[in-house]
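Structural characterization, general
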Amino acid sequence: MKKISFASDNYAGIHPDILRAISDANRHHAPAYGSDEYTASAIETFREHFGADVEVHFVFNGTGANVTALAAMNASYQAVICSDKAHIQVDECGAPEKFTGSKLLLVPTSNGKITVDGIRRQWRRLGDQHYVQSHIISISQTTELGTVYTPDEIRDIADFAHSHQMYLHMDGARLSNAAVFLGLDLKSITRDAGVDVLSFGGTKNGMMIGEAVVLFNRAINGNFMYIRKQSMQLASKMRFISAQFQALLTNQLWQKNAAHANDMALLLAEKLSEFSDIKVTQSVQGNAIFAIMPEVLITELQKKYHFYVWDEDRYEVRLMTSFDTEAADIEAFVRDIRELRTA
Ligand SMILES: Cc1ncc(COP(=O)(O)O)c(C=O)c1O
């Protein structure tokens, strides 16, 4: 039996328009390593969204986008301030530390978001040769806990970063979901809010493979192509990543996919609210729901559905929706919860 998945938007397949774009790009030979027409036009499309002067570089995955972005800004004695829940801290197997040599300075958070107050506590001992020197602040939008920074919250962090000679990096693996939640375009919550470098997600929003590093601050651009190659993130047949981005950023597909995923998350959260022994623990602002539920329910549901236990100590699960989640999947899940509780 096919298991319905609420495990991750990474479990989803490829959106048909994107698959078609890959197939359309598969007609002939084309120059390699990004010197092709698909890459040129995808970069133009990024510029329509983010501004005519941005630099855009495609990479294979989100870890690669984050690592190359951080490497472009930091020397190994410089540190990155981020949340203790950040993907770069928790889920990248130490790749940022290995490839950049930089220490991560962690700001504790219960909802995934960090604030200037928390950052200020990690930003210390500047000019002390015995201590790492803070040089980047990294935030995730949406956060790893499915919450969303407002433009003002980002601006506060950016202002603090810039007034203390630091850069602001945004891990936007799910930036589209955040933009949809806020009802804003992609530029207003990145460049216009003071972000210097963005990791922009494609895979979680309907692409097969590929993420982009978008550089807003031209002081950083010079070395990026060398860093990408050295980090093994330069695709020879880049046109197949570029064609996907072209499709994603055309006809508002990025927005439609994210809006659907967000709507499905809200629907699921609403349905879960009927159960007194299930407690949603985070505000549902993107396509993730965090909920505490009885252990026995988790065990039984996992026989039929893919999803992760996020915090084993308190039986907190993460349920994720994606561009192809169907309302019927949610109905089935909720029906099973009802039946299991009366069994
Ligand atoms: C916040 C965040 N950043 C980045 C990534 C990208 O990771 P990957 O290297 O698996 O593409 C993920 C994937 O789950 C993520 O949740």
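Residues numbered from 1 in each chain as written. Predicted model: local features only at pLDDT ≥ 70, side-chain atom pairs only at ≥ 80, totals over all residues. Heavy atoms only, no water.

**Brief notes about the environment of serine 102**
Along the chain, serine 102 turns up in the loop between helix H5 (95-100) and strand S4 (104-107). Note: C-alpha distance between serine 102 and histidine 135 (33 residues apart in sequence) is 9.7 Å. Look past the residues within four positions of serine 102 in its chain and what remains in contact with it is Asn74, Ala75, Ser76, Gln78, Val80, Pro96 and Glu97. Here asparagine 74 takes part through its side chain, which lies 3.1 Å from a polar atom of the side chain of serine 102. A distance of 3.4 Å separates a polar side-chain atom of serine 102 from the backbone oxygen of alanine 75. (Helix = DSSP H or I, 4+ residues; strand = E, 2+ residues; numbered from the N terminus. Contact = heavy atoms within 4.5 Å. Polar contact = N/O pair within 3.5 Å; in protein donor to acceptor, adjacent residues only side chain to side chain.)

**Digging into the domain arrangement of the protein**
As far as domains go, the protein holds domain 1 (4-11 + 253-342) and domain 2 (16-248). A C-alpha centroid distance of 27 Å is found between domain 1 and domain 2. Of the residues lining the interface, 21 residues belong to domain 1; the matching set on domain 2 comes to 25 residues. Of the roughly 1900 Å² buried between domain 1 and domain 2, counting both surfaces, carbon and sulfur atoms make up 55%. Its largest share of buried area at the contact with domain 2, domain 1 owes to Leu253, Trp254 and Gln285, together 37% of the area lost on that side. On the surface where domain 1 and domain 2 come into contact, there are 1 salt bridge. (Domains from an automatic or database assignment. Buried area = accessible area lost by both parts, 1.4 Å probe. Salt bridge = Lys/Arg side-chain N within 4 Å of Asp/Glu carboxyl O.)

**Quick word on the site of the ligand**
Looking at the ligand, the residues that line it are Asn10, Asn61, Gly62, Thr63, Asn66, His87, Glu144, Asp171, Ala173, Arg174 and Lys204. Contact between the ligand and aspartate 171: a nitrogen atom at 2.6 Å from a side-chain N or O atom of the residue. In the model, an oxygen atom of the ligand is placed 3.0 Å from a nitrogen or oxygen of the arginine 174 side chain. Its free accessible area being 390 Å², the ligand has 81% of it covered by the protein chains. Here the shell around the ligand is composed, by residue class, of 1 nonpolar, 6 polar and 4 charged. (Near = heavy atom within 4 Å. Areas by Shrake-Rupley, 256 points an atom, 1.4 Å probe, with all protein chains shown as cover. Nonpolar A, V, L, I, M, F, W, Y, C, P; charged D, E, K, R; others polar.)

**Structural notes on the pattern of salt bridges**
Taken as a whole and assessed by the stated rule, the structure comprises 19 salt bridges. In this structure, the salt-bridge partner of lysine 304 is aspartate 336, at a minimum N-O distance of 2.9 Å. Within this pair, whereas lysine 304 is found in the loop between helix H12 (295-301) and strand S11 (305-306), its partner aspartate 336 is found in helix H13 (residues 327-342), the two being separated by 32 residues in sequence. On the basis of relative accessible area, lysine 304 is assigned to the partly exposed category, the value being 35%. Residues arginine 314 and glutamate 316 are paired through a salt bridge, measuring 3.3 Å at the closest nitrogen-oxygen approach. The partly exposed category is assigned to arginine 314, whose relative accessible area is 40%. Taking the relative accessible area as the measure of exposure, glutamate 316 reaches 5% and is therefore buried. (Buried < 20%, exposed > 50% of the residue type's maximum accessible area, 1.4 Å probe, protein only.)

**So, the environment of isoleucine 154**
Here isoleucine 154 is to be found in helix H7 (residues 151-163). When the C-alpha atoms of isoleucine 154 and aspartate 192 are compared, they prove to be 9.7 Å apart, with 38 residues separating the residues in sequence. Isoleucine 154 has contacts with Ile139, Gln141, Tyr149, Leu168, Met170, Ile189, Ala193 and Val195, leaving out every residue within four places of it along the chain.

**Brief notes about the packing of aromatic side chains**
In this structure the tally under the stated criterion is 15 aromatic pairs. Taking 6.1 Å as the distance between ring centres and 35° as the angle between the ring planes, the aromatic pair formed by phenylalanine 200 and phenylalanine 245 counts as tilted. Of this pair, phenylalanine 200 sits in strand S7 (residues 197-201) while phenylalanine 245 sits in helix H10 (residues 239-248), and the two are 45 residues apart along the sequence. In this structure phenylalanine 245 comes out as buried when scored by relative accessible area, which is 1%. (Phe/Tyr/Trp six-rings, centres within 6.5 Å; stacked < 30°, edge-to-face > 60°.)

**Considering the pairing of strand S8 (residues 211-215)**
Extensive coverage of S8 is indicated by the burial of 5 of its 5 residues. Bridge analysis of strand S2 (residues 55-59) against S8 gives 5 bridges, and the strand direction is antiparallel. Bridging from a neighbouring strand, glutamate 55 pairs with leucine 215 of S8. (Pairing = 2+ DSSP bridges.)

**Thoughts on the side chain of aspartate 9**
By the element assignment, aspartate 9 lies in the loop between strand S1 (4-5) and helix H1 (16-24). A distance of 3.0 Å separates the side chain of aspartate 9 from the side chain of asparagine 287, its partner in a polar contact. Here aspartate 9 is in contact with Arg174, Lys204, Asn287, Met320, Thr321 and Ser322, once residues within four sequence places are set aside.

**Brief notes about helix H8 (residues 175-182)**
Among all positions of H8, only Leu175, Ser176, Asn177, Ala178 and Ala179 are buried. Buried-residue contacts for H8 involve strand S6 (167-172), S7 and helix H11 (253-272). In the segment just after H8, glycine 183 is the residue with positive phi, at about 70°.

**Overview of unusual backbone geometry**
A negative phi angle characterises most non-glycine residues, just as the trans form characterises most peptide bonds. Cis peptide bonds are those with omega within 30 degrees of zero, and the linkage from glutamine 141 to threonine 142 qualifies with -10°. The phi torsion at asparagine 251 lies on the positive side, around 55°, for a residue other than glycine. Relative to the helices and strands, asparagine 251 resides in the loop between H10 and H11. Of note in this structure, tyrosine 315 is not a glycine but carries a positive phi near 55°. The topology assignment puts tyrosine 315 in the loop between strand S12 (308-311) and strand S13 (316-320). Here tyrosine 315 falls in the partly exposed class, since its relative accessible area comes to 33%.

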